[in-house]
Amino acid sequence: MEKLEAGHPDTQSEDIVAENIDRLRELFPEAFTEGQVDFEVLRELLGDAVETGDEKYGLTWHGKRKARRLALTPSTGTLRPAPEESVDWDTTQNLMIEGDNLEVLKLLQKSYAGKVKLIYIDPPYNTGSDFVYPDDFRDNIKNYLELVGQVDGEGKKVSSNTDAGGRFHTTWLSMMYPRLKLARGLLRPDGVLFVTIDDGEVAQLKLLLCEVFGEENFVASVAWQKRSSPDARDTIGSVHDWLLCFVRDAQHVKDAIGKMPLSPKRKEAYSNPDGDPRGPWASVDMTGMTGRATKDQYFPVELPSGRTVRPPEGRSWGLVQRTFEELRDDNRIWFGKDGDNVPRIKRFLNESDGQVVPSLWSMKEVGSNDEAKKEVNALMGVPGVFDTPKPRRLIQRIVQIATEPQREDIVLDFFAGSGTTTHAVWAQNAADAGTRRSILVQLPEPLDLERREQRAAAQFCESAGLSLNLAELTKERLRRVRKEIVADGEGEPQDLGFRVFKLDSSNIRPWDPQPEDLEATLFDSVDHLKDDRTEDDILFEVLLKLGLDLTVPIEERSIAGKRVHSIGGGVLFVCLATDIQAEDAETLAMGIVNWRDELEPVGEVSVVFRDSGFESDVAKSNVAAILEQHGVETVRSL
């Protein structure tokens, strides 16, 4: 029975460096000597694709190397379940995670890598007053716990990033880089990223995204109108912000971004002047540019009136003669009411897949900042709880064009703020009977009654009996959105719940010998699971570190008087009992085997026990031997 201790790969988040080395070894085995990369050989294999000069095009800043290391360093933390703060814990597929998004993104890699369809984020704009995450390369879990006041530390304070600091852009880029690097790994091949930003960092952000995602995966810079008129104090007043859009893989761009539904105005262009039984249609130009035309696209067309026409001067037909004749025979060519016009192609309304998404979105279409504030104020019952929420309609459009209704597409927002992304997902699911899922990540940023800009939010939390931090507001908004949607009763019943998890240090106690009290250290090492953690805490760390979805179905049975969990239809069995006796071994092991046979899981089955839960090595060996005799080869202990 393999024992999983602190430091074991399966007790940490994904080791991205090791994974990159394995991929490189698979592609270029000859570039490895005694397990190390021989860069001279690698350069030879890559030929002219290697840049060797001192002057290179790209984005660089002081601290970039450290930012890259932050992304590559595995997390030793965990996510602790909080059912009491959740809604519909037993059935929901949505997540609300409290924690530093850098560490959370690392922890999600094993379970969600390559599974997220859409990531939308509204990060700090770096205006000089917004919060910037103070990452700590040495121990970011400890840094996080000190930052949010969960452990005693150095009195760290959440602070703004002002231009007086001398490294204004640098600090912001170092914060964004590792998070975007990790976010890319979570996207599906047809996944898409949307990031809102203003003019202050849009140039830097686009260069950064081109580096992380690749220039070829850039889709568009969308300008969206955030207000109707500029500030009178501005020289040239900005009324828009930007949405930068990148795809995970440009080969899948057509799957990543769909078309928008036709607007009422566009639908007005459809009519049925010839009484076609297929319904309303609109005609489109049948001609094309001459640059790519072949000789087969200059054929003469005889009109119903008897007149013969060719393409207009400087143009060709947009199709070859054979295709034209097939469309004409199917009554898909329109020659005008009198049959004497240049031919056009009929496009039927019931066959339309929508309209191409434009790169300019008006506030009339997607809402404004003012609309967002009014909506949130009405929902929360008081003004000023959230400073800069984004319009729900803005994010709902993104959800609409970047996801499919019935595929349980996952939408992730790791700068969750006011929770508008989940609100938008739920609203779109209500509109099209969708089954999309959402994952929010939000730092429980402390709120201070003494700070004017946080006073309204802090007072709301205080009056509602909530802890004074931003994540509490996010959860409260989701609860109120749920009530509102349920009260409206519109659309099909949908998942309006969320499971709450909280970032914390691992449940596994690391080996940390204390010379001044070696006896206590040795005593603690007997059970290296922390005393203040629950069985559910440990169970969900097992799921997380073994790469299972945090909303995977979990069943529970009592076998030999012990609590046993079946996860994912029998893919994993977990027993964390603390009193497994030698006489329990056969009953417990055979109970798990019989349960496995009932469920008939596909693939390899794993079983995990609490190492200190066995009365003796004999009990442990007997359980492992019986399981292995019945085909369960992966048996581990914590």
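Our structure's up above, just so we're on the same page.
In this text the structure is predicted, and so the values were computed from the model without any measurement.

Take the packing of helix α4 (residues 101–112) against helix α6 (residues 168–186) next. Across the interface, α4 lies against α6 with an axial gap of 9 Å and an inter-helix angle of 20°. Considering the angle they form, α4 stands roughly parallel to α6. Once α4 is placed against α6, the crossing between them reads as left-handed. Contacts between α4 and α6 pair Asn101, Leu102, Leu105, Lys106, Leu108, Gln109 and Tyr112 from the former with Pro178, Arg179, Leu182, Gly185 and Leu186 from the latter. Here the residues of the contact of α4 with α6 are counted per class, giving 7 nonpolar, 3 polar and 2 charged.

Here we come to the sheet that holds strand β19 (residues 437–442). Within the open sheet, the 10 strands sit side by side as β4-β20-β5-β19-β18-β6-β7-β9-β8-β17. Their pairing is mixed. With one partner strand each, in any of the chains shown, β4 (77–81) and β17 (360–361) form the two edges of the open sheet. The sheet contacts of helix α14 (residues 420–432) involve β6 (116–121), β18 (410–413) and β19, and relative to β19 the element is tilted by about 170°.

One open sheet holds the 3 strands; their spatial order is β10-β16-β15, and the pairing between them is antiparallel. One side of each edge strand has no neighbouring strand; the edge strands of this open sheet are β10 (281–285) and β15 (333–334). In this structure, β15 lies alongside strand β16 (residues 344–348), joined through 2 bridges in antiparallel fashion. The partner of isoleucine 333 across the bridge, within β16, is isoleucine 345.

Of note, asparagine 331 is a non-glycine position whose phi angle comes to about 60°, a positive value. With a phi angle near 50°, glutamate 600 is a residue other than glycine that sits in the positive phi range. Tracing the backbone through its elements, the reader meets glutamate 600 in the loop between α19 (585–599) and β24 (606–609).

Here we come to the pattern of salt bridges. Per the stated rule, a full pass over the model turns up 48 salt bridges. With a closest N to O distance of 3.5 Å, glutamate 375 and arginine 392 form a salt bridge. With a gap of 17 residues between them, glutamate 375 in helix α12 (residues 369–380) and arginine 392 in helix α13 (residues 392–402) connect regions that are remote in the sequence. We note a salt bridge from aspartate 536 to arginine 563, for which the minimum N-O separation is 3.5 Å. Of the two residues, aspartate 536 is situated in helix α18 (residues 535–545) and arginine 563 in strand β22 (residues 562–567); the sequence distance between them amounts to 27 residues. According to the relative accessible area criterion, aspartate 536 is partly exposed, its value standing at 28%. Looking at arginine 563, the relative accessible area reads 31%, which means it is partly exposed. Each of Asp274, Asp276, Arg278, Asp330, Arg332, Lys346 and Glu351 takes part in salt bridges that share partners, so that together they form one network.

The next point concerns the pairing of strand β7 (residues 187–197). Of all 11 residues that make up β7, 10 are buried, and the element is covered over most of its length. Relative to β7, β6 is paired through 5 bridges, and the arrangement is parallel. Bridge pairing in β7 links valine 116 to leucine 187. Where β7 lies against strand β9 (residues 240–247), 6 bridges are found, and the strand directions are antiparallel.

Procedures and definitions
Residues numbered from 1 in each chain as written. Predicted model: local features only at pLDDT ≥ 70, side-chain atom pairs only at ≥ 80, totals over all residues. Heavy atoms only, no water. Axes fitted to C-alpha atoms, helices over the stretch in contact; angles between N-to-C directions. Helix = DSSP H or I, 4+ residues; strand = E, 2+ residues; numbered from the N terminus. Parallel < 35°, antiparallel > 145°, perpendicular 65-115°, else oblique. Left-handed = near helix turned anticlockwise from the far one by under 90°. Contact = heavy atoms within 4.5 Å. Nonpolar A, V, L, I, M, F, W, Y, C, P; charged D, E, K, R; others polar. Pairing = 2+ DSSP bridges. Salt bridge = Lys/Arg side-chain N within 4 Å of Asp/Glu carboxyl O. Buried < 20%, exposed > 50% of the residue type's maximum accessible area, 1.4 Å probe, protein only.

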